[in-house]
Amino acid sequence: ALEPPPGPLNDTSAKLGPDPAHPWIAAGPNDIRGPCPGLNTLASHGFLPRNGIATPAQIVNAVQQGFNMGNDLAVFVTYAAHLVDGNLITNLLSIGGKSNLTGPDPPPPASVAGLNTHAVFEGDASTTRGDAFFGDNHSFNETLFEGLVTASNQFGAGFYNLSVAGEYRFQRIQQSIATNPQFSLISPRYYTAYAESVFPVAFFIDGRRTDGQLDMTTARSFFQNSKMPDGWFRSGVTTGLSKVGNGIAAVFGRHPTIQPGGNTGAVNTYTLNPNSANFQNFCKLYTDFVNITIRSLYPNPTGYLLTALNTNLNFLFSPLESNGCTQVPAFI
Ligand code: HEM
Ligand code: MG
């Protein structure tokens, strides 16, 4: 039977991140890193296997221990990623590109290609990574980071905070509208785009600092080098679904006109998509993700694949029950 998701942390205090058991070691040539600076950092400190291949339970434990992510958020995001990008047979996920190390693949259209896979979880208008249309959706992009620095100078007196997050989120969307003919900003990406703008405020700021201001040296250390700064403390505040929802509301509130949509094959053709979930209907994020995104990868699962799929779908739903969402029936 599959290991169930781990429970919450016992000790949620601020404490040294790069402790003696978790030294930073640069990724080697065969170590996989990807579009998520949080998971990249956890791998480079050994909170996750340093090769970048992990089970969902390892990821939940690592994001809780390393960054004090709340259990509901950790479980929801981790199983969402595993269901679309991971190997449900071997229970392994690559935090970057496709890898043999996740084992033999289930039949297509399942892709099992890791977090770099475009459009099922990874998406456009990322903070420091380019759009897939331009060829690299996962590497640190110096130009984009400098845009974040400029916005932090302009709106945050040199620091990244929720106000800067709101401005830079808006700017990145405007840039993609103006340059990427295939720009897409529909659910689930509509949600993750805003969530990932909140994450640096929730998780990268030193835990002894409680003013919500992220300095640029610390920001670069995570975004570019996958490194907790020497002596860095993780946050003493647990950020789960409800807190991240408050952060999203603050970021969205800076430019509340942005609704789900995309360009239609040419730049500057942003067209609203009224079928996409938006911040008014969180449960639809979940139901569409299961019924559309996951189902399209697994139209006819059988045998152990079907069992593993339904078990992981149960894990995905578990943190949402208390949010009043209704579970999608098991796949048959
Ligand atoms: C971006 C996965 C936890 C911080 C991403 C992306 C993926 C991902 C697939 C790429 C989305 C995109 O920009 O197109 C996950 C999974 C997690 C997790 C499965 C498991 C819980 C975390 C944690 C942090 C974090 C704990 C912070 C400590 C970020 C940030 C970005 C991001 C800041 C935006 C990167 C950028 O474009 O500059 N994550 N993540 N994530 N993640 Fe994570
Ligand atoms: Mg992206």
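So, how was this worked out
- The numbers attached to residues start from 1 for each chain and follow its sequence in the written order.
- Each chain takes a letter, starting from A, and each ligand takes a number, starting from 1, following the order in which they are written.
- This being a predicted model, a pLDDT of at least 70 is required before a residue's local features are given, and a value of 80 or more before pairs of side-chain atoms are given or counted; all residues contribute to the totals for chains, interfaces and linings.
- Side-chain numbers come from the whole structure's heavy atoms, not from hydrogens or water.
- Any carboxyl oxygen of Asp or Glu that lies within 4 Å of a side-chain nitrogen of Lys or Arg is treated as forming a salt bridge with it.
- For helices the rule is a DSSP run of H or I covering at least 4 residues; for strands it is a run of E covering at least 2, with both sets numbered from the N terminus onward.
- Each residue's exposure class comes from its accessible area (1.4 Å probe, protein chains only) as a fraction of the maximum for that residue type: buried when under 20%, exposed when over 50%, partly exposed otherwise.
- Only the stretch in contact is used when a helix axis is fitted, and all axes are lines through C-alpha atoms; the angle between N-to-C directions ranges over 0 to 180 degrees.
- Throughout, a crossing is termed right-handed when the near helix is turned clockwise from the far one, and left-handed when it is turned anticlockwise from it by less than a right angle.
- In what follows, residue pairs with any heavy atoms lying within 4.5 Å of each other are defined as contacts.
- In the scheme used here, Gly and all other residues not listed as nonpolar or charged are polar, with Ala, Val, Leu, Ile, Met, Phe, Trp, Tyr, Cys and Pro taken as nonpolar and Asp, Glu, Lys and Arg as charged.
- In this analysis, strands are considered paired if DSSP registers two or more bridges between them.
- The donor set covers N, O and S atoms within 2.8 Å of the metal, switching to 3.2 Å for Na, K and Ca, and it leaves out water, so a site may look short of donors.
- The quantity known as pLDDT measures the predictor's confidence residue by residue, on a range of 0 to 100.

### Some words on the pattern of salt bridges
Stage number 1. Using the criterion set out here, one finds nine salt bridges in the structure.
Stage number 2. For Lys284, the salt bridge is made with Asp288, and the minimal N-O distance between the two is 2.9 Å. Of this pair, Lys284 and Asp288 both sit in helix α9 (residues 282-297), four residues apart, which is roughly one turn of the helix.
Stage number 3. Exposure remark for Lys284: the relative accessible area of 27% places this residue in the partly exposed category.
Stage number 4. Here Asp288 falls in the buried class, since its relative accessible area comes to 17%.
Stage number 5. When salt bridges with common partners are traced through the structure, they connect Arg169, Arg189 and Glu196 into a single cluster.

### So, the packing of helix α2 (residues 56-67) against helix α3 (residues 71-85)
Stage number 1. At a minimum axis separation of 9 Å, α2 and α3 run at an interaxial angle of 145°. The way α2 lies across α3 gives a crossing that is right-handed. Every residue of α3 that contacts α2 at Pro56, Ala57, Ile59, Val60, Val63 and Gln64 is listed here: Asn71, Ala74, Val75, Thr78, Tyr79 and His82.
Stage number 2. Considered class by class, the residues forming the contact of α2 with α3 number eight nonpolar, four polar and no charged.

### What to know about the sheet that holds strand β6 (residues 261-262)
Strand pairing within a sheet occurs via backbone hydrogen bonds; the two strands may be parallel or antiparallel.
Stage number 1. Strand order in this open sheet of three strands is β4-β6-β7, and the pairing throughout is antiparallel. Taken across any chain shown, the strands that pair with only one partner, and hence form the sheet edges, are β4 (184-185) and β7 (271-272).
Stage number 2. Bridge count between β4 and β6: two bridges; the pairing is antiparallel. Along β6, the bridge assignment pairs Leu185 with Gly261.

### Some details on the coordination of the magnesium ion (ligand 2)
Stage number 1. For the magnesium ion (ligand 2), the protein coordination sphere consists of Glu122 (OE), Gly123 (O) and Ser126 (OG), at 2.0 to 2.1 Å.
Stage number 2. The sequence pattern formed by the donor residues of the magnesium ion (ligand 2) is E-G-x2-S.

### Some remarks on the coordination of the iron atom of ligand 1
Stage number 1. Counting protein donors to the iron atom of ligand 1 gives just one, Cys36 (SG), placed at 2.3 Å.
Stage number 2. Among the structural elements, Cys36 can be located in the loop between β1 (15-16) and α1 (37-44).

### Some thoughts on the confidence of the model for the chain
Stage number 1. Model confidence for the chain is summarised by a mean pLDDT of 98, while 100% of its residues fall at 70 or above.
Stage number 2. In the predicted complex, the global pTM is 0.98; the interface-specific ipTM is 0.99.

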